[in-house]
Structures are given as structure tokens and as C-alpha cells.
Amino acid sequence: MQTGPGGSAFRTQPGVLTANQPACDEYCSSGSGVRVNLICGQCGHTFEVGEDIFGRQERVDVPCPACKKVISIANPKLITMRVDRTRKKVPQVVSQISPEGRLLLIPQHMELSLKVLEGQEKGTVYPVNKPRFLIGRTNGDVNLNDSLISRVHCALEISADGILLKDLESTNRTFVDEKAIETAPLTNGSTFRVGGHLLQLVIVIHPS
């Protein structure tokens, strides 16, 4: 599953191209039937679209059949880790103050997301739309279906100094490079483990 900038999530069916696979003309012209399941970030309605809506476009806008909110989704055939030159919406929360009093902010030219590499939610991509972004089982900004994850397990804190991963006194700890951490700096492509899920931080820098 992956997400559009409006907070929607989508999952490609097993065996099709996902975000960590390179795009190629051979694949794109092979006629493979990609089906994309969408979850509206506003009303939670789930619906499906076919690959024919994309053509050769990297993104298309699709209205939710239930609430009519327009969802912008990326073509799963063409998504790569390259710099994306498409302008995205400014995150809902641009700045916050951390519990320790630090100024946290997401630069306007930066887009962040968390991709699930292992676990029950494998393939899901969650947009990071707050500079203090909580990960948990029930009380996070993103909630993973995993009994090994605490209700509020860890947090990403984004500031001018970089991106910091903080364990929030979770029962089963947060791991970077298989080592339990209290805090750890993250960069584009960094991975960390919470419960049975391995997450990867993905950073896209938009040209000024």
C-alpha cells in the first residue's frame, strides 16, 4: 500500500510493481493488470481503480465515490526513489514544539513518508505530515496492527538539525540496525524496527 499527498493510502495487488522497484518500459508495456485499492483519507471508504486510469502519467486525481474528496495517487509502475518534481500540498502541520521545548518543523521543499518493508502492513506507505509524528498501535499518527507495538511506541521529530527517531518508553523497544535505541538520527533510506514491522524513511526534496 502507498499513499497520495492527501492522506489517502493505496495497495497494489501481490506481484505488481511497488515503490521500491524500478520503472521500465518493458514492464509498462507488458499488459500486466495492476489493480489499486484506495482508502480515502477523509471518510475511510475503500474502493478500487484499474491501471488504465494512469496511462503514462505519474499521478492522477480520483474522486472518492463516497465523500467526493479528490485523491491524488501515484502510478505504481512509475514511482521510483528519484527526486519528484511534482509540487505537493504543504503538510497539514508545518511546525510544532517538542515536549523538551525544541522547535520542530518540516521544510516546505521536503516531503517525508514511512514505507513498511516487513510485517502485516508490508507495502504500505504513510505520509509524514507532522514534524512530531507518532507511531503506535492505537494512539499514534499512524497505527500499525501489531500486538508487539505499544499504544504510542516511538516518534519522529523533524527539525533544522535533522530527523530524530525517539523511543517513547515502549515495552518492546525500538531498533535501528538491530540495536535497541532511545534516540537515533535518521536520513533518507534509514530503516528501523517496531514490533514485527520494519519501516523505512523516504525523503523527497522538491526543487526550490
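Please refer to the structure placed before this passage.
Residues numbered from 1 in each chain as written. Predicted model: local features only at pLDDT ≥ 70, side-chain atom pairs only at ≥ 80, totals over all residues. Heavy atoms only, no water.

### Thoughts on unusual backbone geometry
We count it as follows: Numbering of helices and strands runs from the N terminus; a helix is a DSSP stretch of H or I covering at least four residues, while a strand is a stretch of E covering at least two. For the exposure calls, accessible area comes from a 1.4 Å probe over protein chains only, and a residue counts as buried if that area is under 20% of its type's maximum, exposed if over 50%, partly exposed in between.
Notably, Arg 173 is not glycine yet its phi reads approximately 70°, a positive angle. Counting through the fold element by element, Arg 173 comes out in the loop between β14 (162-167) and β15 (174-176). Residue classification places Arg 173 among the partly exposed residues on the basis of a relative accessible area of 34%. Positive phi, close to 55°, is recorded for Asp 177, a residue that is not glycine. Relative to the assigned elements, Asp 177 resides in the loop between β15 and β16 (179-181).

### Structural notes on the sheet that holds β16
How we decide: Only strands that DSSP links by at least two bridges are regarded as paired with each other. Axis lines are fitted through C-alpha atoms, for helices just across the contact stretch, and the angle between N-to-C directions can take any value from 0 to 180 degrees.
Spatially, six strands are ordered β10-β9-β19-β18-β15-β16 in an open sheet, and the strand pairing comes out antiparallel. Each of the sheet's edge strands pairs with one partner strand only, and the pair in question is β10 (125-128) and β16. Taking the axes of each pair of neighbouring strands and ignoring which way they run, one obtains an average angle of 35° across the sheet. Note that strand β9 (residues 110-118) and β10 share four bridges and pair antiparallel. Paired with Leu 114 across the bridge in β10 is Tyr 126.

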